[in-house]
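# Observations on the model geometry
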Amino acid sequence: MPSPPSGASAWRTARLLSREPQISTGRTLRFTVPDWPGHLAGQHVDVRLTADDGYQAVRSYSLAAPAEGDTVELGVQAAPDGEVSPYLADVLPIGAEVEIQGPLGGWFIWTPRDAGPLLLFAGGCGIVPLMAMLRARRAAGSAEPCTLLYSARSPDEVWYARELADPGPAEEIRLIYTRQAPPGDPRTTGRVGAQDLAGLPEPGSARCYVCGPTGFVEHVADLLQTAGHPRELIRTERFG
Ligand SMILES: Cc1cc2nc3c(=O)[nH]c(=O)nc-3n(C[C@H](O)[C@H](O)[C@H](O)COP(=O)(O)OP(=O)(O)OC[C@H]3O[C@@H](n4cnc5c(N)ncnc54)[C@H](O)[C@@H]3O)c2cc1C
């Protein structure tokens, strides 16, 4: 009898349990992964698809929620003309299987044992691993202050809108709209700027996590360093 997969390097069979729309191009996908070893907020998995002719494609997707038994939650945004993401987001049938390797990544992680204020910066679907951190923080009842700055094009591009509208204790959510803001939003639309960092915890005290497209990540990391946040407290994840 074959022995079950063990460790993060094993490829495990993952069965699609459910698909839930987040935004017009983004979906929450939940998979059952027998023998899932658990994971930390911020980690990701590699998803491998195999076609009938044996062709394989592998892409990385962040884990969107803390470990919960054999269930793994991902957030997939369909990239225009992408090879894998539109298939996962809209085509893979419920009950179908893919392979998953992980959990992967040991740097872009946060655990409730990490003391000090938390600053999370998300651009677009870069919210996915930061949502796992926010959810892990809420589940642990952390009293440390946490601010999420989430840059989205418009209100209908905001993932997890219902959860974000109900902040946990010591939690602040700042939505930054780049193209179209809701009526009454006092901020002029545009990309994150130095003014958006006003009122954040003192540089040196806060752990900063930045995730999203490469341009967003580099821009925010520069802003943080210019504001005095030490490089060693800024962790970044680029989605490409
Ligand atoms: C650590 C990590 C975590 C990630 N987490 C997430 C996540 O949680 N959610 C998420 O949605 N994504 C995530 N990503 C991104 C993800 O891995 C994929 O890169 C993304 O889904 C696109 O894959 P794809 O196969 O659909 O697109 P690809 O086929 O790889 O193409 C990407 C884009 O490039 C364009 N393109 C491809 N070939 C060409 C070409 N020859 N000329 C011009 N344009 C071209 C495509 O049109 C498409 O828009 C993560 C990436 C990393 C590295």
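Per chain, the residues get numbers from 1 upward, laid out in the order the sequence is written. Where local features are concerned, this predicted model is filtered to residues with pLDDT of at least 70; where side-chain atom pairs are given and counted, the filter is 80 or more; whole-chain, interface and lining totals use all residues. Note: side-chain values were computed over all heavy atoms of the structure, leaving out hydrogens and water.

The chain is annotated in an unreviewed UniProt entry as Ferredoxin reductase from Streptomyces tabacisoli. UniProt positions are given in the numbering used here, feature names are shortened, and annotations may be inferred rather than shown by experiment. Here is the UniProt Cofactor (unreviewed entry) comment for the chain, exactly as written: "FAD".

## Some words on the sheet that holds strand E3 (residues 44-50)
Here, any two strands with at least 2 DSSP bridges between them count as paired. The helix and strand labels rest on DSSP assignments: H or I over at least four residues marks a helix, E over at least two residues marks a strand, and numbering proceeds from the N terminus. In space, the six strands of this open sheet follow the order E4-E3-E6-E1-E2-E5, with antiparallel pairing throughout. Two strands in the sheet have a free side with no partner beyond their single neighbour: strand E4 (56-62) and strand E5 (71-77). Adjacent strand axes in the sheet meet at a mean angle of 40° when their direction is disregarded. Where E3 and strand E6 (residues 97-104) come together, four bridges link them in antiparallel fashion. Its bridge partner lying in E6, Arg48 is registered against Glu99. In this analysis an axis means a line fitted to C-alpha atoms, helices contributing only their contacting stretch, and an angle means the value between N-to-C directions, from 0 to 180 degrees.

## Thoughts on the packing of aromatic side chains
Between two aromatic rings, the relevant description is the distance of the centres plus the angle of the planes. In summary, the pairing rule links any two rings of Phe, Tyr or Trp, Trp by its six-membered ring, whose centres are within 6.5 Å, and it sorts them by plane angle into stacked for under 30 degrees, edge-to-face for over 60 and tilted for everything else. The full count for this structure, using the stated rule, is two aromatic pairs. Plain terms: the ring middles of Trp159 and Tyr160 are 5.8 Å apart, the flat faces sit at 45° to each other, and that makes the pair tilted. Of the two residues, Trp159 and Tyr160, both sit in the buried class. Distance and angle both matter: a charge sits over a ring if NZ of Lys or CZ of Arg is within 6 Å of the ring centre and within 35 degrees of the ring normal. Across from the ring centre of Trp11, 4.1 Å away, lies the NZ or CZ of Arg48, which sits over that ring. Relative accessibility thresholds used throughout: buried, under 20% of the residue-type maximum; exposed, over 50%; partly exposed, between the two (1.4 Å probe, protein chains only).

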